[in-house]
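# Observations on the three-dimensional arrangement
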Amino acid sequence: MALMLRPWAFLLFLALVSYDESGLQSTRNGVAQATQRVFLYPQSPKVSSIVSTKYRTAYHFQPPKNWINDPNGPMYHNGIYHQFYQYNPNGSLWGNIVWGHSVSTDLINWIRLEPAIERTTPSDINGCWTGSATILKGGRPAIIYTGADTEKRQVQNIVFPKNVSDPYLREWIKPDNNPLIQPVGQGLNSDQFRDPTTGWIGPDGLWRIAVGADLNGYSAALLYKSEDFVNWTRVDHPLYSSNASTMWECPDFFAVLPGKNSGLDLSAAIPNGAKHVLKMSLDNCDKYMVGVYDLKSDTFVPDTVLDDRRLWSRIDYGNYYASKSFFDSKRGRRIIWGWTNETDSSSDDVAKGWAGIHAIPRTIWLDSNSKQLLQWPVEEIESLRREEVSHQGLELNQGDLFEIKGIDTLQADVEINFELTSTDSAVPFDPSWLLDIEKHCREAGASVHGGVGPFGLVVLASENMEEHTSVHFRVYKSQEKYMILMCSDLRKSSLRPELYTPAYGGFFEFDLEKEKTISLRTLIDRSAVESFGGGGRLCIMARVYPVTLINGGTRMYAFNNGTSTVKVPQLKAWSMRRAQVNVRMG
Ligand code: DQQ
């Protein structure tokens, strides 16, 4: 039976939750311990490890062991989804990178295959790094990827399936003419030249790809053209460049139709009214710009150019990087995948023998306002739902905690609609918060009484609330509209000292007159907490390592700590079954 706790209980909660900054001060930039140091990512310092299989996710994508990072070359071909990934076959830290390969018919259950691209030639002997798949005319797939060559220069290589009629496309052949593209030309840096996009056909009928690069110290998506997908020439201007940042990793370029959640194939005829999106990975997160692909100048022209990159929109405001999208011709949608690293320590990863997962594949589309991308877990994930609990007509007054019982709180899918009874007490929005939203989430945590909000969900909580992760909203007034803050606050997610436990957060605009309820969907998968706010307007992926998860049961609550009452017309939650993720070799 679900239990409604009244304010006294929430006072206990507040007494135990002192939202200090200590978790954040322990934040360090962990460095990938590897033969080649390419990137930094936030991780905890080396401390004694807690090794438990209970932290291993049950339905997120990962191989049985070892390190993974970026999703590579996702595609749908002849009835099969292919997922490739940056993989270290020898251990659970970054290094020795090859392309792991898995196949699926439903994007949820995966069969593991032998690596598709291994370090076998002078042009990739030091690493087979990120790249993309393109389905060429006649249905033949090709993959262009970055190789780290004998001199550790970054070059672009191609592979083709050995046998296109093998449904799993198990073997990939490297033609003799690799590398196809060398890091030559003015302003190019051979250490900063990687991660080619999926190809598309321009108005002149020629193929194009974009490659992430540092160009004269600035970031650029360099443009290359080809007639046959093998011989490439650099175009004299980039697809887009910016002096607001350095090197962009993993650029992704795709077309979208405002307000339609159907996807577009960039190589097919693009309908009138379509917009284009350029996504780039930098500063440990994935950012994007919406604009148009100007056919005359062969460039991407963003609708808005913001000099301060802290203000660029993000695909996800949590732990999510190096994402790549593809057009799913089976269901006519665009799907995006991202990498979510561990945030425990590298010594934990060595002790566990595995590190890194991929977020749940998400359908991605553009809001009708043409500004904001929306994302939602692919509907196939719902096949994992088991026991369901459902509540209607709840009312959460200030200080109420409503316990969600009757499901597996470690593996769950929760959907809650929050309806505001009044916005009179909404505090004015201060645009300066946008410059450091995590700071604002720390200052305006779940225990800090607000006007409208905080209200939301507490997951993976210990019985006495000493450990918990809270995902919550606050509503602010901004001229004619409302700005909603969504935070995923990990500062109390684990009793373990020195873990990297930030308070992630983002803002989205919301038309409360039109939409009435603010929705929250959270997928809990042991050490993964993946949240979608406002119908997919804002996503926050997080990794947490509660000690309670190892020792006993965890709890889950809906809560309101704002002064104004919040109604919950609908709350549904399901236990989630374990998926068959790479458990057998095909
Ligand atoms: N990961 C790959 C690079 C890419 C980086 C190396 C992004 O190609 O730039 O494993 O995480």
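The structure presented is a predicted model; accordingly, all values stated were derived computationally and were not measured.

This structure, assessed with the given rule, holds 35 aromatic pairs. When the ring of Phe229 is compared with that of Trp232, the centres are 5.1 Å apart and the planes differ by 70°; the resulting orientation is edge-to-face. Note on accessibility: Phe229 and Trp232 belong to one class, buried. Chaining the aromatic ring pairs together yields one cluster made of Trp200, Tyr240, Trp248, Phe253, Tyr293, Phe300 and Trp312. When the ring centre of Phe160 is taken as reference, the NZ or CZ atom of Arg140 above it lies at 4.0 Å. One Lys or Arg, Lys352, reaches over the ring of Trp354 and ends 4.3 Å from the middle of that ring.

Annotation of the chain at the domain level lists domain 1 (4-18 + 383-584) and domain 2 (66-377). On a C-alpha basis, the centroid separation for the pair domain 1 and domain 2 is 32 Å. Of the roughly 3,000 Å² buried at the junction of domain 1 and domain 2 (both faces included), carbon and sulfur atoms supply 52%. For the pair domain 1 and domain 2, the interface holds four salt bridges.

Turning next to unusual backbone geometry. Put simply, Asn178 and Pro179 share a cis peptide bond, and its omega is -5°. Tracing the backbone through its elements, the reader meets Pro179 in the loop between strand E11 (172-173) and strand E12 (188-194). Following Gly453, the chain continues into Pro454 via a peptide bond in cis, with omega recorded as 5°. Note on placement: Pro454 falls in strand E33 (residues 452-461).

Within the open sheet, the six strands sit side by side as E25-E4-E5-E6-E7-E42. Their pairing is mixed. Every other strand in the sheet has two partners, leaving strand E25 (354-355) and strand E42 (581-585) as the edge strands with one partner each. The pairing of strand E7 (residues 110-117) with E42 spans two bridges and is parallel. When the sheet's bridge partners are listed, Trp110 is paired in E42 with Val581.

Now for the site of the ligand. Lining the immediate environment of the ligand, one finds Asn69, Asp70, Gln86, Trp94, Trp129, Thr130, Arg194, Asp195, Glu249, Cys250 and Tyr321. Thr130 is positioned such that a nitrogen or oxygen atom in its backbone is 3.3 Å from an oxygen atom of the ligand. Isolated, the ligand exposes 310 Å² of accessible area, and the fraction of that covered by the protein chains is 100%.

Basis of the calculations
- Residues numbered from 1 in each chain as written.
- Predicted model: local features only at pLDDT ≥ 70, side-chain atom pairs only at ≥ 80, totals over all residues.
- Heavy atoms only, no water.
- Phe/Tyr/Trp six-rings, centres within 6.5 Å; stacked < 30°, edge-to-face > 60°.
- Buried < 20%, exposed > 50% of the residue type's maximum accessible area, 1.4 Å probe, protein only.
- Lys NZ or Arg CZ within 6 Å of the ring centre and 35° of its normal.
- Domains from an automatic or database assignment.
- Buried area = accessible area lost by both parts, 1.4 Å probe.
- Salt bridge = Lys/Arg side-chain N within 4 Å of Asp/Glu carboxyl O.
- Helix = DSSP H or I, 4+ residues; strand = E, 2+ residues; numbered from the N terminus.
- Pairing = 2+ DSSP bridges.
- Near = heavy atom within 4 Å.
- Polar contact = N/O pair within 3.5 Å; in protein donor to acceptor, adjacent residues only side chain to side chain.
- Areas by Shrake-Rupley, 256 points an atom, 1.4 Å probe, with all protein chains shown as cover.

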